[in-house]
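Summary of the model geometry
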Protein chains: 2
Amino acid sequence: MNIISKGELLNLTQQIFEQAGFTEKDANHCADVLVFADVRGIDSHGVARIPGYLRLIEAGRINPNPKFKWNIRKSTTGTLDADGAIGLISASKAMERTIDMCDQFGSGWIAIKNSNHFGVASYHATLGFAKKYMGFAMTNASPLVVPAGGKQRMLGTNPICIAIPGKDGNDFILDMATSAAANGKLEIAQRSGLGIPKGWAIDKDGIETQSADALKNGGALLPLGSSDETGMHKGFGLGSWVDIFSGVLSGSAFGPWCPPFVAFLESKPNAPGKGLGHFIGCWDLDGFQNSDVIQENLKIWKESFIQSEPVNSKIPVMVPGDPEKKLQQKREKEGIPLNSNVIKTLEKICSKNHIKSPF
Amino acid sequence: MNIISKGELLNLTQQIFEQAGFTEKDANHCADVLVFADVRGIDSHGVARIPGYLRLIEAGRINPNPKFKWNIRKSTTGTLDADGAIGLISASKAMERTIDMCDQFGSGWIAIKNSNHFGVASYHATLGFAKKYMGFAMTNASPLVVPAGGKQRMLGTNPICIAIPGKDGNDFILDMATSAAANGKLEIAQRSGLGIPKGWAIDKDGIETQSADALKNGGALLPLGSSDETGMHKGFGLGSWVDIFSGVLSGSAFGPWCPPFVAFLESKPNAPGKGLGHFIGCWDLDGFQNSDVIQENLKIWKESFIQSEPVNSKIPVMVPGDPEKKLQQKREKEGIPLNSNVIKTLEKICSKNHIKSPF
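Residues numbered from 1 in each chain as written. Chains lettered and ligands numbered in written order. Predicted model: local features only at pLDDT ≥ 70, side-chain atom pairs only at ≥ 80, totals over all residues. Heavy atoms only, no water.

A closer look at the relation of the copies chain A and chain B
Mapping between the two chain copies consists of a rotation about an axis together with a translation along that axis. Put simply, the rule reads: Only residues with pLDDT of at least 70 in both copies contribute their C-alpha atoms to the least-squares superposition of the copies.
Once chain A has been moved 0.0 Å along the axis and rotated by 180°, it coincides with chain B to within an RMSD of 0.0 Å. The superposition of one copy onto the other is thereby described by a two-fold rotation axis. The C-alpha atom lying nearest the rotation axis in chain A is that of A:Gly225; the distance is 2.4 Å.

So this is what it looks like as structure tokens:
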């Protein structure tokens, strides 16, 4: 582990994206999204993703200079053809557009097609916080997850994010995969040489497995709920919702046709749409009641949960977004610890591109 | 079991609600919502609920003649004070209002306070199907579910419903509790004298239990995800989202203050709001792309899942809403089988109210 300051990591990331052909402004934005994930402890969605993005850019699957085409069909709804953009950019642009709709009408919704991985959903979903807008963000993803009762990889880990601005940063931010466990957790288990808990994955025959190599060996991830008895049809339903909103509404690929995140895998042929899809939107808190009243009640809501009796008296109940917020406060002060493999890869990128390494 | 036709059950239910003080129109609507649940096999939310509703009406906790107060603050957002109405009525009225918003602006959203149990979420969420509007419905509920890491009952089984109209009834309807299992499933296990699966409930000390009497003995339900390892913080996050949107946005009670569904239990004192809350809304399919294109792709989406390889070759993969639809087609033709206890209770209500029993 090596600690790097937020400022240094932003600077490094921006330079890498500029070298890869992004405008200064877009490179700056990409850095902002990725480092936001790292400071909040969502390391799987931070700068560790850079090498993968670069390979997709080289393979021509991410377009560093996209021309966005908007199709706004109603006052509060429309689609964006992102022209192969990285989702880090397209999802934020769409959120800006829905914020404009929200200014005028109280809510706004954009479905995005022909996009790529959008990083951490909560970045985009919190962009309207200064205006007290609640954010909503979803994306479909490379197929890794089975439907309830199925053994084929049909859905991505398809996250849902809902972000509600509180007073003085007392927010509620839910940002969750709709699978029982994210792929990143299997990778950690692989590296540690340990098995995985029951309920995360099945093998290629559809049998539950505790092998961390499940995916490598042709298996798949299970939806949230994990088994018939404990409600895997619900996790499947949620992942399906995300896929339909992100893919079917927008005109992107969906389900098993979603393009893989890795450059060495090709997409399934005859896709019914283009690229990955996202669904983005927001509501104005003040559209429901005076936002001060809502935020006061949100504070009461949060306190009632945090103060409720925990199972383990040493581990208080936590509310969605609070663990990430604590880490954010710590890492913004003390710097961001990076995995040594991530550092090695970033150093290689630096030397290849004549960027001064901060490590 | 006794079979009754849909028409007879509608007629009976309408008469009971009229006798309880509802207008003919409202009684007709309540019958429509409850029988919709019964024909779709969601028996826990059908006419079996009538005795409970009647007790709440007698106790003055459901107002059969409410005066609705709307507070529309933006073009697409607002709240409804339902004046103690039954949710069967208030949620549908709110959906009608959001459909009007959707006609003009492409989407619409109402948070409802001072309401009661709204029956089956999918009834309200599908009200815009004729116009090709996608529906959204949530409600908070009597506290039975613990937060992740907690042992107090803080949330209801807080359902989420998302309903997407397909061509020729080829819809997608997800209507799910955010707990691992609904309370009704525990009741079925109690009646059968069998235990319950791991992952549904904990006892009063927060220890996982397989006793069907868990709730009776001071225990609680677990959120979807069931354990730390398999993502119960996600189910908790979803239930929290529902509670904040239904309760905190609207000004109803929320969390542990939600009023119990049974008349013999009082609400927790000092509630921060009034009654139960719901959150209702819709989006116009045509607001994103030509709705014919979307519905064509939704058909491809559904077929790809239904035709994907199942774990058990005899049980094909099913898509949310399809099992209920099959049952609906069957029961609309062949009639609705009712549990003998439900029939006995309905017969008692008939004789008390001088209604001719159809049984």
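Details of the domain arrangement of chain A
Much of the literature gives interface size as the accessible area that the parts lose upon coming together. Going by this rule: Residue ranges for the domains originate in an automatic or database domain assignment.
Its domain assignment divides chain A into domain 1 (1-65 + 335-359), domain 2 (67-174 + 233-307) and domain 3 (181-221). In this structure, domain 1 of chain A and domain 3 of chain A have C-alpha centres spaced 28 Å apart.

Topic: the interface of chain A and chain B
The test is simple: Contact criterion: two residues are considered in contact whenever any of their non-hydrogen atoms come within 4.5 Å of each other. Two parts placed together each lose some accessible area; with a 1.4 Å probe, that loss summed over both constitutes the buried area. Every case where a carboxyl oxygen of Asp or Glu lies within 4 Å of a side-chain nitrogen of Lys or Arg is listed as a salt bridge. Nitrogen and oxygen atoms within 3.5 Å of one another constitute a polar contact, given that in protein one can donate a hydrogen and the other can accept it, and given that sequence-neighbouring residues count only through two side-chain atoms. Put simply, DSSP H or I for four residues or longer makes a helix, DSSP E for two residues or longer makes a strand, and each gets a number counted from the N terminus.
In this assembly, 89 residues from chain A lie in contact with 89 residues from chain B. Both faces combined, the contact of chain A with chain B buries some 7,100 Å², and carbon together with sulfur accounts for 68% of it. The interface formed by chain A and chain B includes six salt bridges. The partner of B:Lys151 in a salt bridge is A:Glu309, and the shortest N-O contact between them spans 3.8 Å. Taken together, the links from chain A to chain B amount to 34 residue pairs in polar contact (both at pLDDT 80 or more). For the side of chain A that touches chain B, the element with the most residues is helix 7 (residues 232-248) of chain A, which contributes eleven residues.

Some details on the nonpolar core
Soluble globular proteins: nonpolar side chains tend toward being buried together. Short version of the rule: The criterion is simple. A nonpolar core is a set of buried Ala, Val, Leu, Ile, Met, Phe, Trp, Tyr and Cys residues joined through side-chain atoms within 4.5 Å. Only protein chains enter the accessibility calculation, which uses a 1.4 Å probe; a residue is then buried when its area is under 20% of its type maximum, exposed when over 50%, and partly exposed in between.
If you look at the biggest cluster of nonpolar residues, it comprises 104 residues, and the most contacted ones within it are A:Trp241 and B:Trp241. Not counting residues up to four positions away in its chain, the partners in contact with B:Trp241 are A:Phe136, A:Ile160, A:Ile162, A:Phe172, A:Trp241, B:Phe136, B:Met138 and B:Ile160.

Let's talk about the sheet that holds strand 10 (residues 220-221) of chain B
All names here are of chain B. Inclusion rule: Two strands are counted as paired when DSSP detects at least two bridges linking them.
What the three strands build is an open sheet, ordered 9-8-10; its pairing is antiparallel. Strands with a single pairing partner mark the edges of an open sheet, and in this sheet they are strand 9 (208-209) and strand 10. Pairing of strand 8 (residues 201-202) with strand 9 involves two bridges; the strand directions are antiparallel. Residue pairing across strands places Ala201 opposite Thr209, the latter belonging to strand 9.

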